Amino acid sequence: MNFFKLNKLLLNSLEGKFIIFGAGYKGGIGKSVLSLGLAKEFNIPYITNDQGSAISGNVNFYDNTYLTYDFKSDDKLKESKVVIIDLAGCFVLDKTILQLIKRSNLIILPTGENPYLDHTGCLITASNLFELNKNLLFVTTGVDEDRLKDTIFSFNRVKSKYPHFERLKVFGLSKCNEIIHDSIAKKRSYIRTYLSLEDDKKTTYKPFIKDWSKIIKEVNDKIETFQN
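Just so you know, these numbers come straight off a predicted model, no measurement behind them.

Cut-offs and rules
Residues numbered from 1 in each chain as written. Predicted model: local features only at pLDDT ≥ 70, side-chain atom pairs only at ≥ 80, totals over all residues. Heavy atoms only, no water. Helix = DSSP H or I, 4+ residues; strand = E, 2+ residues; numbered from the N terminus. Buried < 20%, exposed > 50% of the residue type's maximum accessible area, 1.4 Å probe, protein only. Contact = heavy atoms within 4.5 Å. Polar contact = N/O pair within 3.5 Å; in protein donor to acceptor, adjacent residues only side chain to side chain. Pairing = 2+ DSSP bridges. 1 Å grid on protein atoms, 1.4 Å probe; cavity = no way out; pocket = protein on both sides within 12 Å on 5 of 7 lines; lining within 4 Å. Points joined across faces, edges and corners; volume = space filled by probe spheres on them. Nonpolar A, V, L, I, M, F, W, Y, C, P; charged D, E, K, R; others polar. Core = buried A, V, L, I, M, F, W, Y, C linked by side-chain atoms within 4.5 Å. Right-handed = clockwise from strand over helix to strand, strands pointing away.

A.B. asks: Give me the environment of S80: which residues, what numbers.
C.D. replies: Summarising the element assignment, S80 is placed in the loop between α4 (75-79) and β6 (82-86). What makes S80 buried here is its relative accessible area of 10%. Sequence separation of S80 and N114 is 34 residues, and the distance between their C-alpha atoms is 37 Å. Ignoring sequence-local partners within four residues, the contact set of S80 consists of K17, I44 and P45. Reaching out from S80, the side chain makes a polar contact with the backbone oxygen of V82 at a distance of 2.5 Å.

A.B. asks: Break down the pairing of β6 for me, citing the residues and quoting the values.
C.D. replies: For β6, the tally of buried residues reaches 5 of 5 residues, placing the bulk of the element in the interior. Judged by which residues are buried, β6 turns out to be covered on both faces: V82, I84 and D86 on one side and V83 and I85 on the other are all buried. Here strand β1 (residues 18-22) pairs with β6 via 5 bridges, running parallel. The residue bridging G22 from the neighbouring strand is D86, located in β6. Relative to β6, strand β2 (residues 46-48) runs parallel, the two being bridged by 3 bridges. Note that in β6 the partner of I47 across the bridge is I85.

A.B. asks: Please provide a residue-by-residue account of the layout of surface pockets, values included.
C.D. replies: Approximately 240 Å³ is the volume attributed to the second largest pocket. As for the second largest pocket, its lining consists of E145, L148, K149, I152, F171, G172, P207, K210, D211 and K214. Elements supplying a minimum of two residues to the lining of the second largest pocket: α7 (148-159), β9 (170-174) and α11 (206-227). In terms of residue class, the lining of the second largest pocket is built from 4 nonpolar, 1 polar and 5 charged.

A.B. asks: So what about the nonpolar core? Which residues, and what values?
C.D. replies: The biggest cluster of nonpolar side chains holds 34 residues, and the ones touching the most others in it are F21, L109, L136, F138 and F165. For this core, the secondary structure elements donating two or more residues are α1 (3-13), β1, β6, α5 (95-103), β7 (106-111), α6 (115-130), β8 (136-143) and α7. Among the elements that line this core, the one with the most residues is α6, at 5 residues. Residues within four places of F138 in sequence aside, it is in contact with L109, C122, L123, A126, F155, K159, F165, L168, K169, V170 and F171. With 32 residues, the next largest nonpolar core counts L34, F171, Y190 and I216 among its residues.

A.B. asks: Kindly report on the pairing of β7, identifying the contributing residues and their values.
C.D. replies: Burial analysis of β7 places 6 of its 6 residues in the buried class, which makes it a mostly covered element. Sheet topology note: the β1/β7 ladder contains 3 bridges and is parallel. If you follow I20 over to β7, its bridge partner there is L106. Relative to β8, β7 is paired through 5 bridges, and the arrangement is parallel. Residue pairing across strands places I107 opposite L136, the latter belonging to β8. In this fold, the crossover linking β7 to β8 by way of α6 has right-handed handedness.

Encoded structure:
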């Protein structure tokens, strides 16, 4: 396998596109939940090096998935004006991934609930990325709805120690495992899954879908600004 040719093909395939990059300082913080979720909502190519985030057995969680270690371009990728990249591992050591970070139009950084491990870890990673790309968006994930505001407040308090992050936005996505798991299993978007629920469950999960809709709007606004 010629990785040099694969990397060159990948970079060339993304020329002129709006690139969303999902970045994570550790596993289990919602990077793939956000990245795969956005790919489905916008019906755009999902590029990943993490087979576990994209495939279970021989079943793809999303049809428009491209694995970096077996990368092949196709008409869907060529025609798409927006792509999302979700890479696991220590990406800052890879020259190709560094180029992807520099080229990205939006870098999404999820963080968990713990102010010491999650928030500080996320912000240290953000500081490293900020030197390469200032288009950062923070999202707190995996938090129960009744604790989300406090978690965002806590994150902003830690973020205040980084003056260059003052104007960067912070969004929250409350926990909703049922919608996420059902969407993955049935290969459909979170919004479509929510709309298929019974009325009582729609009421229960309304906070999640409101949070998600705010993130969708923010990303869509940035895409439209780029295209205009």
